[in-house]
Amino acid sequence: MASQPQKVTPDQANTLKSPEAPGDSSPAHAPDAVRSRKARTALVVGGGVSGLLAARELADRGLRVVLTESRDHFGGAVGAHQVGGMVLDSGAESYATRNASVAELIDDLGLGEARTTPSRVGSWLYLPSGPIPMPSSGILGIPANPGDSELRPALTAAGQRRAAMDRYLPSSVGAHQKTLGGLVKARMGQHVVDGLVAPVTMGIHSTHPNELDVDAVAPGLREGIRTYGSLGASAAVLRANSPAGSQVAGLVGGMNQLSEALVNDLTRRGVRLLAGCDVIAVDRDEVTQNWIAIRRQEGSAGKRAALTADVLVLATDGPTTVRLLGPHLDSDLLPEVRRGPEIALVTLVVDAPALDSAPRGTGVLVSDRVRTVRAKALTHMTAKWQWIADRVGEHRHILRLSYGRGPTSEGQSITELTLSDEQLMSLALHDASRIMGTSLSRKYLQGADVVRWKTAMPQVSIGHAQKVKAFRQNLTKLSRVASVGAWLSGTGLASLVPDTRTTIADLDLG
Ligand SMILES: Cc1cc2nc3c(=O)[nH]c(=O)nc-3n(C[C@H](O)[C@H](O)[C@H](O)COP(=O)(O)OP(=O)(O)OC[C@H]3O[C@@H](n4cnc5c(N)ncnc54)[C@H](O)[C@@H]3O)c2cc1C
């Protein structure tokens with residue numbers, strides 16, 4: 001299984017000291033000498049893909065690297081779980097192909113032959129009026145051509161007429177809107193927000209478009225309106241910039257292999273990987289300028305242990321990074337970064353011949369205005385990925401339902417996440433029956449699992465892009481420190497991988 005527990009006890013977790021680290025009698029302790037010597041050691045906090053990749057890039061640059069991860073396994077949101085006798089992805093199960101960064105990393109790690117694309121049966125939207133095939137043009141539910149007849153069920157005729165006005169409005173309309181919902185409403189009307197965009201963003205970002213920072217989730221979209229004359233045209237260009245064919249790809253065997261391959265690669269490079277190692281504070285030696293990470297010492301109450309290095313890279317979630325680095329940064333410029341929405345993924349393994357025809361294609365995004373279904377999305381894993389279908393028996397299907405929306409358009413906070421695993425599984429069976437249009441009771445169930453993600457989704461609410469800019473600016477005032485992760489790069493591997501690589505390449509080790 002990918003990113004298997006590799007627990008290192010605190011005793012094994014050596015302090016990483018460069019020869020000139022505090023306590024050493026080397027004459028290089030003089031501040032000037034220390035500052036002028038090249039960095040030799042690095043500490044990466046956080047063992048998700050951003051941390052693992054940062055460690056790899058630092059090792060490539062010749063540093064001795066230690067990586068700490070608070071959980072007992074590596075990979076963060078790109079991990080594995082066992083359900084119904086199969087190893088499946090517990091979080092990310094694909095990557096966007098809008099750039100080549102993830103494919104290149106996969107190839108580089110020797111996994112190239114496992115690259116695969118999902119089936120092309122299309123996906124669906126579940127609206128209050130019922131399920132409809134997902135419109136095939138545009139991005140984030142924004143239609144490239146609002147007049148398309150396929151959009152009629154989602155928009156109504158009046159909604160479609162309003163949406164079509166986008167083409168004739170001056171490009172200044174909506175220019176001052178900062179949220180995705182505000183922009184789409186100004187250009188195409190409320191029907192498009194409710195019927196098309198909200199189900200997509202609630203599924204991807206667990207956040208209503210009225211709360212989403214448009215520049216954070218769709219960079220270039222606003223600019224494109226000025227350049228191409230309408231929101232639809234801008235959405236079409238962003239879509240067209242993705243390579244032809246499928247917009248996502250995956251790995252036969254699951255994306256969790258990416259984390260496993262990174263861990264193996266780091267081990268080969270001599271990087272020390274410390275699991276179960278929770279960093280609770282970060283300090284800096286005034287004389288040597290070494291970074292000191294204080295970690296929780298398991299099993300010895302009140303005892304602290306420290307890791308020391310020339311270079312520090314924080315690859316943790318936004319709130320943790322700001323908390324750890326806050327004391328070293330200009331407090332006036334420190335952004336308030338809140339945790340993103342929690343998610344629970346319920347995987348059901350069912351024997352149900354009625355699903356053989358993939359009645360909802362690869363899966364369904366559910367509008368938050370639907371009252372009879374509480375899941376925000378359902379992925380029909382065996383219809384989406386041939387390799388999974390090949391590994392399960394005939395008529396066996398794997399459905400993955402996702403729970404945990406942020407506040408809805410009506411400001412309701414949703415409470416499914418307070419349910420026990422057992423209750424969530426029952427709810428998932430009920431929701432899956434509704435969505436797939438066939439009765440799925442417990443007698444069909446061959447296996448089930450619930451995975452809860454508490455800190456893995458960054459918040460991308462209004463002002464987020466500005467906060468990221470301010471934080472990165474603030475960080476440049478400190479030497480030999482960098483921060484990576486989805487809260488800075490944007491959610492998803494296609495944003496995370498190039499951003500992590502650039503950030504580490506730009507890090508001054510002098
Ligand atoms: C359910 C789910 C499904 C997704 N699906 C997709 C998908 O299909 N395609 C896609 O491209 N992206 C997907 N994503 C997004 C993608 O997985 C993430 O953007 C990416 O993996 C984030 O990586 P990261 O390293 O920034 O953060 P994380 O993976 O969250 O890693 C951060 C790590 O830091 C550790 N940590 C935190 N605090 C400390 C501390 N104090 N000390 C030590 N360690 C600490 C955490 O335990 C964690 O392991 C999905 C995300 C989720 C949650």
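No experiment lies behind these values; they were computed from the predicted model shown. (Residues numbered from 1 in each chain as written. Predicted model: local features only at pLDDT ≥ 70, side-chain atom pairs only at ≥ 80, totals over all residues. Heavy atoms only, no water.)

Scanning the protein chain from N- to C-terminus turns up 17 helices and 20 strands. Put simply, the protein chain has 510 residues, and 56% of those count as buried. The long-range share in the protein chain, meaning contacts at least 24 apart out of those at least 6 apart in sequence, stands at 71%. Summed over its atoms, the accessible surface of the protein chain is roughly 21000 Å², and 49% of this surface lies on carbon and sulfur atoms. (Helix = DSSP H or I, 4+ residues; strand = E, 2+ residues; numbered from the N terminus. Buried < 20%, exposed > 50% of the residue type's maximum accessible area, 1.4 Å probe, protein only. Contact = heavy atoms within 4.5 Å. Areas by Shrake-Rupley, 256 points an atom, 1.4 Å probe, with all protein chains shown as cover.)

On to the packing of aromatic side chains, then. Here the structure, examined in full by the defined rule, presents one aromatic pair. The aromatic ring of Trp124 is capped on one face by Arg360, whose charged end is 5.0 Å from the ring centroid. (Phe/Tyr/Trp six-rings, centres within 6.5 Å; stacked < 30°, edge-to-face > 60°. Lys NZ or Arg CZ within 6 Å of the ring centre and 35° of its normal.)

Sheet strands line up and pair through hydrogen bonds in the backbone, either parallel or antiparallel. The strand order 10-2-1-14-20 describes an open sheet built from five strands, whose pairing is parallel. This sheet does not close on itself; its edge strands, each paired only once, are strand 10 (272-275) and strand 20 (481-483). The mean angle between the axes of side-by-side strands here comes to 15 degrees, regardless of whether they run parallel or antiparallel. Contacts from helix 11 (residues 318-325) reach strand 14 (311-314) and strand 20, with the element oriented near 150 degrees to strand 14. (Pairing = 2+ DSSP bridges. Axes fitted to C-alpha atoms, helices over the stretch in contact; angles between N-to-C directions.)

Let us now look at the site of the ligand. Looking at the ligand, there are 34 residues lining it, with Ser50, Glu69, Ala77, Ser94 and Ala486 nearest. Within the side chain of Ser50, one N or O atom sits 2.7 Å away from an oxygen atom of the ligand. Within the side chain of Arg71, one N or O atom sits 3.2 Å away from an oxygen atom of the ligand. Summarising the interface, the protein chains cover 90% of the accessible area of the ligand, which totals 1000 Å² for the free molecule. (Near = heavy atom within 4 Å. Polar contact = N/O pair within 3.5 Å; in protein donor to acceptor, adjacent residues only side chain to side chain.)

A separate point is the sheet that holds strand 18 (residues 396-403). Spatial strand order, 8-7-16-17-18-15-19: seven strands in an open sheet with mixed pairing. Edge positions in the sheet fall to strand 8 (130-133) and strand 19 (445-453), since each has one partner strand and no second. Taking the axes of each pair of neighbouring strands and ignoring which way they run, one obtains an average angle of 20 degrees across the sheet. With three bridges joining them, strand 16 (residues 363-366) and strand 17 (residues 377-380) adopt antiparallel strand pairing. Looking at the pairing, Val364 lines up with Leu378 of strand 17. The sheet contacts of helix 14 (residues 421-436) involve strand 7 (124-127), strand 15 (343-351), strand 16, strand 17, strand 18 and strand 19, and relative to strand 18 the element is tilted by about 110 degrees.

Further remarks concern helix 8 (residues 221-228). Every buried residue of helix 8 is listed here: Leu221, Arg222, Gly224 and Ile225. All buried residues of helix 8 project into a common sector of 160 degrees when viewed along the axis, lining one side. Turned more than 90 degrees off the buried face of helix 8, the exposed positions are Glu223, Arg226 and Thr227. Of the surrounding secondary structure, the elements contacted by the buried residues of helix 8 are helix 5 (180-188), helix 7 (214-217) and helix 9 (231-240). Just downstream of helix 8, Gly229 is the residue with a positive phi angle, here 95 degrees. (Arc of directions from axis to C-beta.)

Between its first and last C-alpha atoms helix 2 (residues 49-60) spans 16 Å; for 12 residues at 1.5 Å apiece the expected length is 16 Å, and the two agree. Extensive coverage of helix 2 is indicated by the burial of 11 of its 12 residues. Where helix 2 terminates, the next one or two residues include Gly62, which has phi positive at roughly 95 degrees. (Expected span 1.5 Å × (residues − 1).)

What follows concerns the UniProt feature "binding site: FAD" (unreviewed entry) in the protein chain. Per the UniProt record, the feature "binding site: FAD" (unreviewed entry) sits at Ser50. In this structure, Ser50 sits in helix 2. (UniProt positions renumbered as here; feature names shortened; annotations may be inferred.)

Tracing the chain through its elements places Trp124 in strand 7. Considering only alpha carbons, one finds Trp124 and Pro359, 235 residues apart in sequence, at a separation of 9.5 Å.

Turning next to the layout of surface pockets. As a volume, the second largest pocket reaches approximately 500 Å³. Taken together, 24 residues form the lining of the second largest pocket, with Leu475, Thr476, Val481, Ala482 and Leu507 sitting closest to its centre. Only helix 1 (31-36), helix 15 (464-475), strand 20 and helix 17 (493-506) provide two or more residues apiece to the lining of the second largest pocket. No other element matches the five residues that helix 15 contributes to the lining of the second largest pocket. (1 Å grid on protein atoms, 1.4 Å probe; cavity = no way out; pocket = protein on both sides within 12 Å on 5 of 7 lines; lining within 4 Å. Points joined across faces, edges and corners; volume = space filled by probe spheres on them.)

On to unusual backbone geometry, then. The backbone of Ala358 sits at a positive phi, close to 50 degrees, despite the residue not being glycine. Its location among the elements puts Ala358 in the loop between strand 15 and strand 16. For Ala358, a relative accessible area of 17% puts it in the buried group. We note that His395 has phi near 65 degrees; this positive angle belongs to a residue other than glycine. Within the secondary structure, His395 sits in the loop between helix 13 (386-391) and strand 18. The class of His395 is partly exposed, set by a relative accessible area of 33%.

In terms of nonpolar packing, the biggest core is built from 46 residues, with Val65, Val313 and Leu493 touching the most fellow members. No other element matches the seven residues that helix 2 contributes to this core. Not counting residues up to four positions away in its chain, the partners in contact with Val313 are Leu43, Val44, Val45, Ala54, Leu58, Ala482, Val484, Ile504 and Leu507. By size, the runner-up hydrophobic cluster in this structure holds 30 residues, among which are Ile132, Val200, Ile225 and Leu231. (Core = buried A, V, L, I, M, F, W, Y, C linked by side-chain atoms within 4.5 Å.)

So, on to the packing of helix 2 against helix 17. Angle between the axes and distance between the axes are the two parameters that describe a pair of packed helices. Where helix 2 meets helix 17, the axes come as close as 9 Å, and the angle between the chain directions of the two elements is 35 degrees. Judged by the twist between their axes, the crossing of helix 2 over helix 17 is right-handed. Residues Val49, Ser50, Leu53, Ala54, Arg56, Glu57 and Leu58 of helix 2 lie in contact with helix 17, whose contacting residues are Leu493, Leu496, Val497, Thr500, Arg501 and Ile504. In terms of residue class, the contact of helix 2 with helix 17 is made up of eight nonpolar, two polar and three charged. (Left-handed = near helix turned anticlockwise from the far one by under 90°. Nonpolar A, V, L, I, M, F, W, Y, C, P; charged D, E, K, R; others polar.)

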